[in-house]
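Results of the structural survey
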Amino acid sequence: MDVRTENDPDVKPYIQDVKINWIKVDFPEEFKQIHKFLKDCRDSKLLEAKKFGYCKGVGMYKGELLQLQGELQRSLSQGLRDFELLRSVSLIAETLKVEHALELLESQGIKQTHTYLKKIQTEAVTSKVKAVQNLAMDLNFKSALYLTEEIMEKGIKHPKLAKLQEILEKSRKDSKAIVFTQFRDSAEEIVKQLNEAGISNHIFVGQAKKNGVGFS
């Protein structure tokens, strides 16, 4: 596999200059409470795995966790089946799920975070996967889920939505814009926000995998 970046000589001539303007928004206090519950949940899993000797500690980032997960799976495939290894495999799987929930909270919003946490809770009822069962029973996990439900009822949204609306309202008279987002739920929430503000927009979705929505 060949990988090219914008700095490679055969690619560089075709790259246009891009001006990047980072705009920061304040993380709501309610979001911070959920974030703490999820982070405490994540850290507790990694500390337990560290006790078994299969983890460096709570400072591991997602790439390291994925690499560690692969190493543990290879150990299993080689016939190692001791309790510490099996438990660590489950703990790292739990950690990655919580890591994803943290990413959703930070970058997407409450609705997306709640949908994901609720999905795990629902799956735990019938799933035989220990990681799903254990995570759904975790006190910090349950506290985070409860708070997301409470905040959804209050209608508190990620501050990025209000900032996006503000930016588009200022520029809509003399320009057009493309808003990129990672998840369909987020795209639908953006459309709703812009419609309420009277900003003309149209949603484009990638491959049609869910509910037949999207391009072929």
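In case you missed it, the structure is sitting above this.
The present account deals with the structure reproduced in this document.

Thresholds, definitions, all that
- Residues numbered from 1 in each chain as written.
- Predicted model: local features only at pLDDT ≥ 70, side-chain atom pairs only at ≥ 80, totals over all residues.
- Heavy atoms only, no water.
- Axes fitted to C-alpha atoms, helices over the stretch in contact; angles between N-to-C directions.
- Helix = DSSP H or I, 4+ residues; strand = E, 2+ residues; numbered from the N terminus.
- Parallel < 35°, antiparallel > 145°, perpendicular 65-115°, else oblique.
- Contact = heavy atoms within 4.5 Å.
- Nonpolar A, V, L, I, M, F, W, Y, C, P; charged D, E, K, R; others polar.
- Core = buried A, V, L, I, M, F, W, Y, C linked by side-chain atoms within 4.5 Å.
- Buried < 20%, exposed > 50% of the residue type's maximum accessible area, 1.4 Å probe, protein only.
- Salt bridge = Lys/Arg side-chain N within 4 Å of Asp/Glu carboxyl O.
- Expected span 1.5 Å × (residues − 1).
- Arc of directions from axis to C-beta.
- Patch = residues over 30% accessible without salt bridge, like charges linked within 9 Å, V, L, I, M, F, W, Y side chains within 5 Å.
- Areas by Shrake-Rupley, 256 points an atom, 1.4 Å probe, with all protein chains shown as cover.
- Phe/Tyr/Trp six-rings, centres within 6.5 Å; stacked < 30°, edge-to-face > 60°.

1. Concerning the packing of helix H5 (residues 130-137) against helix H6 (residues 139-154)
Relative orientation of the contacting elements H5 and H6 amounts to 65°, with a least axis distance of 5 Å. Judged on the interaxial angle alone, H6 and H5 are roughly perpendicular. Counting all contacts with H5, which are made through Leu 135, Ala 136 and Met 137, the residues of H6 involved are Leu 139, Phe 141 and Lys 142. When its residues are assigned to classes, the contact of H5 with H6 shows 5 nonpolar, no polar and 1 charged.

2. Comments concerning the nonpolar core
Core analysis: the largest hydrophobic core is formed by 22 residues, its most contacted members being Ile 34, Leu 38 and Leu 117. Of all elements in the fold, only helix H1 (29-51), helix H3 (83-107), helix H4 (110-126), H5 and H6 reach the threshold of two or more residues within this core. Once residues within four sequence positions are removed from consideration, Leu 117 is found in contact with Leu 38, Ala 101, Phe 141, Ala 144, Leu 145 and Thr 148. Leu 46, Leu 68, Leu 76 and Leu 91 belong to the second largest nonpolar core, which has 14 residues in total.

3. Observations concerning the pattern of salt bridges
Side chains carrying opposite charge are able to pair once their charged atoms draw close together. Tallying each qualifying case throughout the model produces 15 salt bridges. Asp 40 is the partner of Lys 36 in a salt bridge, and the nearest nitrogen-oxygen pair spans 2.8 Å. Taken together, the positions of Lys 36 and Asp 40, both in helix H1 and 4 residues apart, correspond to about one turn of that helix. Note on Lys 36: relative accessible area 52%, which makes it exposed. Each of the salt bridges in this network shares a partner with another, and the network as a whole consists of Lys 45, Glu 48, Arg 87, Glu 94 and Asp 138.

4. Points about the environment of Gly 53
Mapping Gly 53 onto the fold places it in the loop between H1 and helix H2 (62-77). Residue classification places Gly 53 among the exposed residues on the basis of a relative accessible area of 61%. Measuring from C-alpha to C-alpha, the distance between Gly 53 and Glu 84 comes to 8.3 Å, with 31 residues separating the pair along the chain.

5. Describing H2
Its 16 residues give H2 an end-to-end C-alpha distance of 23 Å, which sits within 8% of 22 Å, the value for a rise of 1.5 Å per residue. Among all positions in H2, only Glu 64, Leu 65, Leu 68, Leu 72, Ser 75 and Leu 76 are buried. Projected down its long axis, H2 carries its buried residues within an arc of 115°, all on one side. With respect to the buried face of H2, the exposed residues turned more than 90 degrees away are Gln 67 and Ser 77. Downstream of H2 by a residue or two, Gly 79 has a phi angle that is positive, lying close to 105°.

6. Observations regarding the side chain of Thr 113
Topologically, Thr 113 is positioned in helix H4. Taking the relative accessible area as the measure of exposure, Thr 113 reaches 0% and is therefore buried. Sequence-distant contacts of Thr 113, that is, excluding residues within four places in its chain, are made with Ala 101, Leu 104, Leu 105 and Thr 148.

7. Remarks on a nonpolar patch on the surface
A cluster of nonpolar side chains, namely Val 18, Ile 20 and Trp 22, defines an oily patch on the protein surface of about 450 Å² accessible area. Checked against the element boundaries, Ile 20 lands in the segment before H1. Of the residues examined, Ile 20 reaches a relative accessible area of 60% and is grouped as exposed.

8. Digging into the packing of aromatic side chains
Across all of its chains, the model carries 2 aromatic pairs by this definition. Relative to Phe 31, the ring of Phe 27 lies with its centre 5.5 Å away and its plane at 85°, an arrangement referred to as edge-to-face. Phe 27 gets classed as partly exposed once you look at its relative accessible area, which sits at 24%. With 5.9 Å between their ring centres and 85° between their planes, Phe 52 and Phe 83 make a pair best called edge-to-face. Of the two residues, Phe 52 is situated in the loop between H1 and H2 and Phe 83 in helix H3; the sequence distance between them amounts to 31 residues. You can call Phe 83 exposed: its relative accessible area is 55%.

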